[in-house]
Amino acid sequence: MTAELALVPSRTPGGTPLLTASGEIDLSNVDGFADAVAAGVERGTPLTVDLTGVGYLDSAALNVLFQHADHIRIVAARLLVPLLRVCGLTELVEVEQAVP
């Protein structure tokens, strides 16, 4: 069973657009994730996508991140960083490992 996905748009203390995701992102809910990322990057400033609360990310979610690679930075939990590295996303996007 997929853990429900929660998406919370906000801003960092410095005013940068922030999208915080928690749960699992897969084919069943990737459309909502894609819409939230697209809305965040439309504001014109780079969007920080916080994936520290995401326990599972499938190829559909990775595709969304690749589509917006020029306009996002990612904060991810330690377990997701190797996945982002292996798929090549770290070559295109600043990926910061969250501090536990």
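For the structure, check the block above.
Residues numbered from 1 in each chain as written. Predicted model: local features only at pLDDT ≥ 70, side-chain atom pairs only at ≥ 80, totals over all residues. Heavy atoms only, no water.

A. Region of the structure containing the pairing of strand 1 (residues 6–11). As judged from the 6 bridges shared by strand 1 and strand 2 (residues 17–25), these two strands associate in the antiparallel manner. Note that in strand 2 the partner of Ala6 across the bridge is Ser22. Counted between consecutive antiparallel strands, the loop separating strand 1 from strand 2 contains 5 residues, among which Gly15 sits at a positive phi close to 95°. (Pairing = 2+ DSSP bridges. Helix = DSSP H or I, 4+ residues; strand = E, 2+ residues; numbered from the N terminus.)

B. Up close: the sheet that holds strand 2. Read from one edge of the open sheet, 5 strands run 1-2-3-4-5, paired in mixed fashion. The sheet is open, and its two edges are formed by strand 1 and strand 5 (94–97), each paired on a single side. With direction set aside, neighbouring strand axes in the sheet form an average angle of 20°. In the packing of helix 2 (residues 59–67) onto the sheet, the strands contacted are strand 2, strand 3 (47–57) and strand 4 (72–76), and the crossing angle to strand 3 comes to about 170°. (Axes fitted to C-alpha atoms, helices over the stretch in contact; angles between N-to-C directions. Contact = heavy atoms within 4.5 Å.)

Spatial relationships are all this shows, so hold off on functional conclusions.
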